[in-house]
Amino acid sequence: MKRTELLIAALTMLVAACATQGTMKLERILLVEGGEVRPGSDLEVIERGAVVIRGDRIAWVGPVAEVPEWGRSGEVIDASEMIVLPGLVDAHAHVAGLGAALDSVDLVGTTSYEEVIRRIAAATSDVPAGEWILGRGWDQNDWPVQQFPTARPLDAAVGDHPVWVRRIDGHAALASSAAMRAARITASSPDPEGGRIERDAAGNPTGVFVDAAMDLIDRIIPPPSRTVRRQRILDAARLIAAHGLTAVHDAGVDQDTIQLMRELIDAGELPIRVYVMLQDDDELLSSWFERGPLVDYGDQLTVRAVKLYADGALGSRGAALIEPYADDPGNRGLMVSSGEHLERRAKAALAAGFQVGAHAIGDRGVRTVLDAFEAARVTPAHRFRIEHLQVVAPSDFARVARMGVIGSVQPTHATSDMPWAEARLASERVKGAYAWRTVLDAGGRLALGSDFPVEEVSPLLGIHAAVTRQDLDGHPPGGWFPDQRLSVREAIRGFTLDAAYAAFEEERRGSIEEGKFADLTILQADGRAPAPRQISSSRVRYTIVNGRVVHRGE
């Protein structure tokens, strides 16, 4: 090589080295020190620990006394008397649904139909006549008379306003008479496949539509503008971060929502990560199966799963059961999709490199999904999921484990449903419901979530429900079927490393280890609470995503 060429090569190497050194100096350094660090892997809890973040990665973890000098060169968070966790992840939720719920009439916690009507009537006071009123959150199981509501009392309070308010689980909704007229629903309207129109003795619609029947009303409601949808997603994401969540598995997403999330990421506005399950739509899936998965767009968005529906929900008696409901003889619930459809979608997803998360709540729904997965030759490597997995026939627990199907469950569903679940299922069948310990003992794996806005956003409530199987008042004493409780370690793992595994991300996220993305949830611990409840009674002080503080609590 000529002398000139050697000189140029040497200068090139020197410039590259300087550039690298300069980059290292410019990288953000964030030190979190003094707290109880729970790495979330096989490492033990570090009582007075520290985490050093360089840029968007975890660069060092260990005791405070051993923090390297370079780790003290940037911002410092004093985490004394705090708990430092891997970034909490909700493995099943609905971001756009939460945004819409924040922008509609809140009916959560209503204790009677009269209270529901009062809230709706108050919301119509300054709304022009004829405009739609939307809401969500009622649950007839919390009322003195545990029966579905009817439109007539609502009509008297809202007049000509078309009203459409969803039940808490999103699997049934109540329409006013004006809404039914707009949709041209009459006594002669047939029940759609996978749905049911509730009727009186004369066959007239009462106002409640279950599962697929809700589409009869949904399709005529004027859609919100793109600007409104964008703001709803942003409002929801900020609330999610404020509750300590760094990521969400968003179950059942359309293309417009994906595009809005990408725009928010491009603008640097989205504070959380999102793992998308595409909704079950022919055109949408055909497009994505052709192009293949999208992984870590902007280090925040992944699209590589499909959300399918097998059945409805237990609270509205739409969950598909092998035997009839104990409190509704003759009713075995609703299959929203056939086994053939589930099998066909599973095979297509496998061929295109996509995971499937199938909603199945009743034991017949769960069995139908397992049959479809088995026919599609699903293996543990595919990490297919059953979302909710609420009621399982005894012989099917082993099938779940053998096929490597992940149970994506929501602990607060158990504590919300426990006042009436046994009435639905009877004493023997209820033993296979919300049976998390049985899944683990069979060799299965759980990822934990909330299903918000069906339940509240806070993952701390999910940890509390998983560990105690009690409501926040400590009822029932000892817990509801306490043999199914999880340990604190197992519950945290379900919201961290196992949730990451359910999204093929355990090598990059889910625990506090060097080289992984710097996602942390930092809690102000309540030292007065009993040990199992200490985390659930804590407050979120910091939420950190990609090494950046996206929420600071008081």
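Our structure's up above, just so we're on the same page.
Now for a look at the structure at hand.

The rules behind these values
Numbering of residues begins from 1 in every chain and follows the order in which that chain's sequence is written. Thresholds applied to this predicted model are a pLDDT of at least 70 for local features of residues and 80 or more for the giving and counting of side-chain atom pairs; totals over whole chains, interfaces and linings are not thresholded and use all residues. Side-chain metrics in this entry use all non-hydrogen atoms of the structure; hydrogen atoms and water are not considered. Think of it this way: any DSSP run of H or I at least four residues long counts as a helix, any run of E at least two long counts as a strand, and we number them from the N terminus. When a residue's accessible area, from a 1.4 Å probe over protein chains only, is under 20% of the maximum for its type it is buried; when over 50% it is exposed; and in between it is partly exposed. Any two residues having at least one pair of non-hydrogen atoms within 4.5 Å are treated as being in contact. Areas reported here follow the Shrake-Rupley algorithm with a probe of radius 1.4 Å; residue values treat only the protein chains shown as occluding. Aromatic pairing here means that ring centres of Phe, Tyr or Trp (its six-membered ring) are within 6.5 Å. Orientation follows from the plane angle: under 30 degrees is stacked, over 60 is edge-to-face, and everything else is tilted. The rule for a charge over a ring is simple: NZ of Lys or CZ of Arg within 6 Å of the ring centre, and within 35 degrees of the ring normal. Nonpolar core, defined: a set of buried Ala, Val, Leu, Ile, Met, Phe, Trp, Tyr and Cys residues in which side-chain atoms within 4.5 Å join the residues together. The pairing criterion for strands is at least two bridges between them, as found by DSSP. Between N-to-C directions, angles span 0 to 180 degrees; the directions come from axes that are lines fitted to C-alpha atoms, helices contributing only their stretch in contact. In this analysis a 1.4 Å probe is tested at points of a 1 Å grid over the protein atoms alone, and where it fits but cannot get out there is a cavity; an open set with protein on both sides within 12 Å along at least five of seven lines is a pocket; lining residues have an atom within 4 Å of a point. Grid points are joined across faces, edges and corners, and a volume is the space filled by probe spheres set on the points. By the definition adopted for this analysis, an angle is roughly parallel if under 35 degrees, roughly antiparallel if over 145, roughly perpendicular if from 65 to 115, and oblique otherwise. Handedness of a helix crossing follows the sense of rotation of the near helix relative to the far helix, less than a right angle counterclockwise being left-handed and clockwise being right-handed. Think of it as three bins: nonpolar holds Ala, Val, Leu, Ile, Met, Phe, Trp, Tyr, Cys and Pro, charged holds Asp, Glu, Lys and Arg, and polar takes everything else, Gly as well.

1. Considerations on the overall build of the protein
Within the protein, the secondary structure is distributed over 18 helices and 23 strands. C-alpha atoms of the protein, sized along the principal axes, occupy 95 × 55 × 50 Å. Counting all 554 residues of the protein, 56% fall into the buried class. Relative to all contacts within the protein whose residues are 6 or more apart in sequence, the contacts with residues 24 or more apart total 72%. When the accessible area of the protein is evaluated, it comes to approximately 23200 Å², of which 51% is carbon and sulfur surface.

2. Here's the deal with the packing of aromatic side chains
All chains considered together, the criterion is met by eight aromatic pairs. For the ring pair W164 and F209, a centre distance of 5.9 Å and an interplane angle of 70° mean the geometry is edge-to-face. With W164 in strand 9 (residues 163–167) and F209 in strand 12 (residues 205–211), this pair connects stretches of sequence that are 45 residues apart. Each member of the pair W164 and F209 is classed as buried. One aromatic cluster is present, formed by Y113, W138, W143 and F148 through successive ring pairs. In this arrangement the basic side chain of R57 is found over the ring face of F517, its NZ or CZ atom lying 3.8 Å from the centre. Across from the ring centre of F517, 4.9 Å away, lies the NZ or CZ of R273, which sits over that ring.

3. Description of the nonpolar core
Membership of the largest hydrophobic core comes to 94 residues, with the highest contact counts inside it found for I240, L278, L301, F373 and I386. For L301, the residues in contact, after removing those within four places along its chain, are I258, M261, R262, I265, V274, V276, L294, V295 and D296.

4. Side note on the sheet that holds strand 7 (residues 105–106)
The strand order across the open sheet built from six strands is 7-8-9-10-12-11, with neighbouring strands paired in mixed fashion. The strands lining the two open edges of the sheet, one partner per strand, are strand 7 and strand 11 (195–199). Pairing between strand 9 and strand 10 (residues 172–175): three bridges, direction antiparallel. The residue of strand 10 that forms the bridge with R166 is A173. Packed on one face of the sheet, helix 4 (residues 151–158) meets strand 9, strand 10 and strand 12 and runs near 50° to strand 10.

5. Observations concerning the layout of surface pockets
Roughly 1100 Å³ of volume is contained in the second largest pocket. The wall of the second largest pocket is formed by 48 residues, among which I168, S416, V454, E455 and E456 lie closest to the centre. Of all elements in the fold, only helix 2 (95–102), strand 7, strand 8 (133–138), helix 13 (411–417) and helix 16 (459–468) reach the threshold of two or more residues within the lining of the second largest pocket. For the lining of the second largest pocket, the leading source of residues is helix 13, giving five residues.

6. Concerning the packing of helix 10 (residues 339–352) against helix 11 (residues 363–375)
Axes are the key here: two packed helices are described by the angle between their axes and the distance separating the axes. Running from N to C, helix 10 and helix 11 cross one another at 40°; their axes reach a closest spacing of 8 Å. As the angle between them shows, helix 10 and helix 11 are arranged oblique. For the pair helix 10 and helix 11, the crossing hand works out as right-handed. Here G339, L342, E343, A346 and K347 of helix 10 lie close against helix 11, whose contacting residues are T368, V369, A372, F373 and A375. Of the residues contributing to the contact of helix 10 with helix 11, the split by class is six nonpolar, two polar and two charged.

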